[in-house]
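# Architecture and fold: a report
Chain residues, written in single-letter form:
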Amino acid sequence: MIANQVSTAFGALSDPTRRAIFERLAGAPSAVGDLAREFPVSRPAVSQHLKVLKDAGLVTDRAHGTRRIYQVHPPALEALRTYLDSFWTTALDRFKSAAEARPRTPNA
Amino acid sequence: MPDTLPDLAVRKSLTVEAPCAHAFTVFTTGFDSWWPRAHHIGKADLLAAVIEPRAGGRWFEKGIDGSECEWGKVLVYEPPSRVVLSWHLNGEWQYDPDPAHASEVDVRFTPDGPSRTKVEFVHRHIERAVGAEQLRAGVDSEGGWNGLLAMFAAKAKETAA
C-alpha cells in the first residue's frame with residue numbers, strides 16, 4: 001500500500017512538465033489559470049497534470065471563491081522542516097556551548 | 001486541510017551567556033568551532049567550515065585533501081547584530097547552485113545586559129529546497145527512494161495509519 005503510494009509519486013514526477021508544475025507549486029500555491037499562463041501547455045493539459053499529482057498525493061487543492069487553488073501537499077514539506085528543525089537544535093546547542101566557553105575566543 | 005500553507009520556517013530562540021559581540025563572532029568567524037563535523041558535502045573529511053566575514057562572502061567547506069565545496073553566500077553581515085546566509089544545500093546535503101532553490105538562514109543577536117545575548121534564528125524558504133535536484137535525485141536513483149521521498153513515504157505511512 002505504502003510502496004504503491006511512493007511508486008505512484010515517482011511515476012507522477014517522471015513527466016518533465018508535471019515535475020516543473022510541482023516545483024512551481026512548491027514556490028507558491030496557484031490556480032489552474034495561473035499555471036496555464038506560465039507553462040507552454042493548454043489549460044486542460046494543466047488540469048490533467050494536476051489531477052495526476054493530486055492522485056499521487058503530491059498536491060492538494062482547495063476552493064477559493066470560484067477558483068481552485070493547488071498547493072504542494074504539506075506533509076512532504078513538513079518532513080523536510082522536521083528534519084532541519086532537529087538538525088538545527090543540535091547545531092545551535094553546539095554554538096551555545098562554544099560561545100559560552102571561556103576565556104578563549106575563536107580568533108584569539 | 002488548513003486554508004493556507006503552514007509556516008514552514010524553522011525558528012529557534014536561545015539565550016547565550018556571553019556578550020553580544022562575542023556571540024556574533026563565535027557564530028561567524030568561529031563557525032568551524034561549533035559546526036557538527038559529520039555535516040558536510042565534500043567527499044573528503046571536513047577540515048574547516050567557513051563563513052567569510054563580509055556581505056557577499058562565501059560560505060563553504062574545506063576538505064582535508066584541500067578541496068573546497070560551496071554551501072552558500074553571506075547576504076547580510078552586520079556585526080554584532082545580524083547575519084543572513086543563503087543555503088544552497090538540499091535535504092540530501094548536496095549543493096544546488098540555482099538561487100531559486102536556495103533557502104535562507106537569518107540570525108539576529110540582541111544584547112540582554114552586558115554578558116548575555118538573545119539569539120533569534122530562522123531558516124526560511126525551505127520549500128524552495130524541495131524542488132528540482134532533490135526530487136530528481138530521488139526519482140532517478142536506482143534504489144528508488146532516498147532522502148526527502150523516503151521521509152515523504154514515512155509521513156505517508158504515518159498519516160495512513
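Described below are features of the structure shown in this document. Along each chain, the written sequence defines residue order, and numbers are assigned to residues from 1. In the order they appear in the text, chains get letters beginning with A and ligands get numbers beginning with 1. The predicted nature of this model means local features are confined to residues of pLDDT at least 70 and side-chain atom pairs, given and counted, to a pLDDT of 80 or more, with totals for whole chains, interfaces and linings taken over all residues. Calculation of side-chain values draws on the structure's entire complement of heavy atoms; hydrogens and water are dropped beforehand.

Further remarks concern the packing of aromatic side chains. Residue and element names in this part refer to chain B. Stacked, tilted and edge-to-face pairs are distinguished by plane angle, under 30 degrees for stacked and over 60 for edge-to-face with tilted covering the rest, among Phe, Tyr and Trp rings (Trp via its six-membered ring) whose centres lie within 6.5 Å. Inspection of every chain in the model, using the stated rule, returns 20 aromatic pairs over all chains. Judged by centre distance (5.4 Å) and plane angle (75 degrees), the ring pair of Phe24 and Phe109 falls under edge-to-face. Placement of the pair is Phe24 in helix 1 (residues 20–27) and Phe109 in strand 6 (residues 103–111), with a sequence separation of 85 residues. Residues Phe24 and Phe109 agree in their burial class; the two are buried. Here, a charge over a ring is recorded when the distance from Lys NZ or Arg CZ to the ring centre is within 6 Å and its angle to the ring normal is within 35 degrees. We note Arg58 situated over the ring of Phe60; from NZ or CZ to the ring centre the distance is 3.8 Å. The helix and strand labels rest on DSSP assignments: H or I over at least four residues marks a helix, E over at least two residues marks a strand, and numbering proceeds from the N terminus. For the exposure calls, accessible area comes from a 1.4 Å probe over protein chains only, and a residue counts as buried if that area is under 20% of its type's maximum, exposed if over 50%, partly exposed in between.

Residue and element names in this part refer to chain A. Strands sit in the order 1-3-2 across an open sheet of 3 strands; the sheet is antiparallel. Looking along the sheet, the strands with just one partner apiece sit at the ends: strand 1 (30–31) and strand 2 (59–64). Two strands qualify as a pair provided DSSP detects at least 2 bridges between them. Pairing of strand 1 with strand 3 (residues 67–72), which is carried by 2 bridges, proceeds in the antiparallel orientation. Paired with Ala31 across the two strands is Ile69, which belongs to strand 3. Only heavy atoms matter for contacts: two residues are in contact if any of them lie within 4.5 Å across the pair. Here an angle of 0 to 180 degrees is reported between the N-to-C directions of two axes, which are lines fitted to C-alpha atoms, with helices fitted over the stretch in contact. Sheet strands touched by helix 2 (residues 16–27): strand 1, strand 2 and strand 3. Its angle to strand 3, the strand with the most contacts, is close to 95 degrees.

Turning next to helix 4 (residues 43–55) of chain A. Residue and element names in this part refer to chain A. For helix 4, built from 13 residues, the straight-helix expectation of 18 Å at 1.5 Å per residue is met to within 8% by its first-to-last C-alpha distance of 18 Å. Residues of helix 4 that are buried: Val46, His49, Leu50 and Leu53. In a view along the axis of helix 4, the buried residues occupy a sector of 100 degrees, so they form one face of it. What points out from helix 4, more than 90 degrees from its buried face, is the exposed set Pro44 and Asp55. Positive backbone phi, at 80 degrees, marks Gly57, one or two positions downstream of helix 4. Between the first and last residue of a helix there are one fewer steps than residues, each counted as 1.5 Å, and that sum is the expected span. Directions drawn from the helix axis to the C-beta atoms are what define this arc.

This part covers the pairing of strand 4 (residues 68–78) of chain B. All names here are of chain B. Here 5 bridges tie strand 3 (residues 58–63) to strand 4, and the two strands are oriented antiparallel to one another. Along strand 4, the bridge assignment pairs Glu61 with Cys69. If you look at the hairpin formed by strand 3 and strand 4, you'll find 4 residues sitting between the two strands, and Gly66 has a positive phi there, around 90 degrees.

What follows concerns the sheet that holds strand 4 of chain B. Strands in a sheet are paired, the pairing made by backbone hydrogen bonds, and the direction either parallel or antiparallel. All names here are of chain B. One open sheet accounts for 7 strands, arranged 1-7-6-5-4-3-2; its pairing is antiparallel. Each edge of the open sheet is held by one strand with a lone partner, namely strand 1 (10–16) and strand 2 (46–51). Across this sheet, the average inter-strand angle for adjacent strands is 20 degrees, counted without regard to direction. Of the strand pairs in this sheet, strand 2 and strand 3 are connected by 5 bridges, and their pairing is antiparallel. Paired with Ala49 across the strands is Glu61, a residue of strand 3. Packing against the sheet, helix 1 makes contact with strand 2, strand 4, strand 5 (82–87), strand 6 and strand 7 (117–124), and its axis sits at approximately 155 degrees to strand 6.

As a further point, take the packing of helix 2 of chain A against helix 4 of chain A. Residue and element names in this part refer to chain A. Interhelical geometry of helix 2 versus helix 4 gives an angle of 75 degrees and a closest axis separation of 10 Å. In terms of orientation, helix 2 lies roughly perpendicular with respect to helix 4. Where helix 2 approaches helix 4, its residues Thr17, Arg18, Ile21, Phe22 and Leu25 are matched on the opposing element by His49, Leu50, Val52 and Leu53. Each residue is assigned to one of three groups, with Ala, Val, Leu, Ile, Met, Phe, Trp, Tyr, Cys and Pro labelled nonpolar, Asp, Glu, Lys and Arg labelled charged, and all others, Gly among them, labelled polar. The residue inventory of the contact of helix 2 with helix 4, partitioned by class, reads 6 nonpolar, 2 polar and 1 charged. Each angle gets one of four labels, with under 35 degrees taken as roughly parallel, over 145 as roughly antiparallel, 65 to 115 as roughly perpendicular, and the rest as oblique.

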